Amino acid sequence: MTYSGAVKVGGPANVHELTDLMISKVAVGAMNNNAYLLRCRDTGEQLLIDAAAEPHTLLRLIGDDGIASVVTTHRHGDHWQALPEVVAATGARTYAGRYDAEGIPVTTDVLLEDGDTVRVGRVELTARHLVGHTPGSIALVYDDPHGHPHVFTGDCLFPGGVGNTWKDPEAFASLIGDVEEKLFGQLPDETWVYPGHGNDTTLGKERPHLPEWRERGW
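An account of the accompanying structure is given in this report. As the structure is a computational prediction, the values presented were derived from the model and not from experiment. (Residues numbered from 1 in each chain as written. Predicted model: local features only at pLDDT ≥ 70, side-chain atom pairs only at ≥ 80, totals over all residues. Heavy atoms only, no water.)

Describing the packing of aromatic side chains
Applying the stated rule across the entire model yields seven aromatic pairs. When the centroid spacing of 5.3 Å and the interplanar angle of 65° are considered together, the rings of Tyr36 and Phe152 count as edge-to-face. Residue Tyr36 is located in strand β3 (residues 33–40), and its partner Phe152 is located in strand β11 (residues 149–154); the two are separated by 116 residues in the primary sequence. Of the two residues, Tyr36 and Phe152, both sit in the buried class. Grouping aromatic residues by their ring pairs yields a cluster made of Tyr3, Tyr36, Phe152, Trp192 and Tyr194. Geometry around Trp218 places Arg216 over its ring, the cationic atom sitting 3.7 Å from the centre. (Phe/Tyr/Trp six-rings, centres within 6.5 Å; stacked < 30°, edge-to-face > 60°. Helix = DSSP H or I, 4+ residues; strand = E, 2+ residues; numbered from the N terminus. Buried < 20%, exposed > 50% of the residue type's maximum accessible area, 1.4 Å probe, protein only. Lys NZ or Arg CZ within 6 Å of the ring centre and 35° of its normal.)

Section: the sheet that holds strand β10 (residues 137–143)
Strand order in the open sheet formed by six strands is β8-β9-β10-β11-β14-β15, with mixed pairing between adjacent strands. A single partner strand is all that each edge strand has here, and the edge strands are β8 (117–120) and β15 (201–202). Bridge analysis of strand β14 (residues 192–195) against β15 gives two bridges, and the strand direction is antiparallel. In the sheet register, Trp192 faces β15, and the bridge partner there is Thr202. Helix-sheet contacts for helix α3 (residues 169–184) involve β9 (123–130), β10 and β11, and the interaxial angle to β9 is about 150°. (Pairing = 2+ DSSP bridges. Contact = heavy atoms within 4.5 Å. Axes fitted to C-alpha atoms, helices over the stretch in contact; angles between N-to-C directions.)

So, the sheet that holds strand β6 (residues 93–97)
In spatial order, the strands read β1-β2-β3-β4-β5-β6-β7; together these seven strands make up an open sheet with mixed pairing. In the strand order of this sheet, the two ends are held by β1 (14–17) and β7 (110–112), each with one partner. The mean angle between the axes of side-by-side strands here comes to 20°, regardless of whether they run parallel or antiparallel. In this sheet, β3 lies alongside strand β2 (residues 21–28) in antiparallel orientation, the contact comprising eight bridges. Residue pairing across strands places Ile23 opposite Leu38, the latter belonging to β3. The strands that helix α1 (residues 55–62) touches are β2, β3 and β4 (46–49); relative to β2, the one it contacts most, it runs at about 160°.

Considering unusual backbone geometry
Leaving glycine aside, a negative phi is the common case for residues, and trans is the common case for peptide bonds. For Asp50, which is not glycine, the phi torsion reads 70° and is therefore positive. Assignment of secondary structure puts Asp50 in the loop between β4 and α1. Although it is not a glycine, Glu54 adopts a positive phi angle of roughly 50°. If you trace the backbone, Glu54 turns up in the loop between β4 and α1.

Considerations on the packing of α1 against helix α2 (residues 83–90)
Between α1 and α2, the least distance of the axes is 9 Å, while the angle of their chain directions is 35°. Here the hand of the crossing between α1 and α2 comes out right-handed. Here α1 contributes Pro55, Leu58, Leu59 and Ile62 to the contact with α2, which in turn contributes Glu85, Val86, Ala89 and Thr90. Across the contact of α1 with α2, the residue classes break down as six nonpolar, one polar and one charged. (Left-handed = near helix turned anticlockwise from the far one by under 90°. Nonpolar A, V, L, I, M, F, W, Y, C, P; charged D, E, K, R; others polar.)

Details of the pattern of salt bridges
For the structure on display, the rule yields 13 salt bridges. For Arg75, the salt bridge goes to Glu102, with nearest N and O atoms at 3.5 Å. With Arg75 in the loop between β5 (69–72) and α2 and Glu102 in the loop between β6 and β7, the pair connects residues that are 27 residues apart, well separated along the chain. Under the relative-accessibility criterion, Arg75 is labelled partly exposed at 23%. Overall, the relative accessible area of 71% leaves Glu102 in the exposed class. Glu180 serves as the salt-bridge partner of Arg214, at 2.8 Å between the closest nitrogen and oxygen. Residue Arg214 is found in helix α5 (residues 210–216), and its partner Glu180 is found in helix α3; the two are separated by 34 residues along the sequence. (Salt bridge = Lys/Arg side-chain N within 4 Å of Asp/Glu carboxyl O.)

Below you can see the structure in the form of structure tokens.
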């Protein structure tokens, strides 16, 4: 099945099969959150990004192999509602940004800083700290050695704009500055973007609109 990134709550996962990594995307919960299960094709080890809601759905997606770790992209409750149940069922090691961990009601085992490495089997992801939507939001970048990069952006970047900063000019300036510098400034247009809600996009599709986003202030 060709990967589209289009999923809906109650529907099946959509699977993006890369050479070294399988990415399964599923939508869960009342706010249509995306959760992503990453599986190293060499070792079978799995990592979950955002145990957002519907623990039964996520545990069914995870399957009998379990997960070694779960990364919470940021502190907002719709991204961790299923975290207690998923951690209890799997014993997964928990990761979150250092400056958001205090707002997540499950102990964070590994506090992530900008540039830290998160591993799933033999696959390496790089954490990028993006400030503005929350103080400690983390995006994860997979620089696929066999193709273009992939980035999991939480609620910091979507098709059509950066994440919500609630009309706070300082927070918006921080977020768009970090997104421009750490994502658009370092990654090519082909980079595939997996957001915390809704459909996927690429940096190339969004890049021409950066001046427009800055002008409108959101």
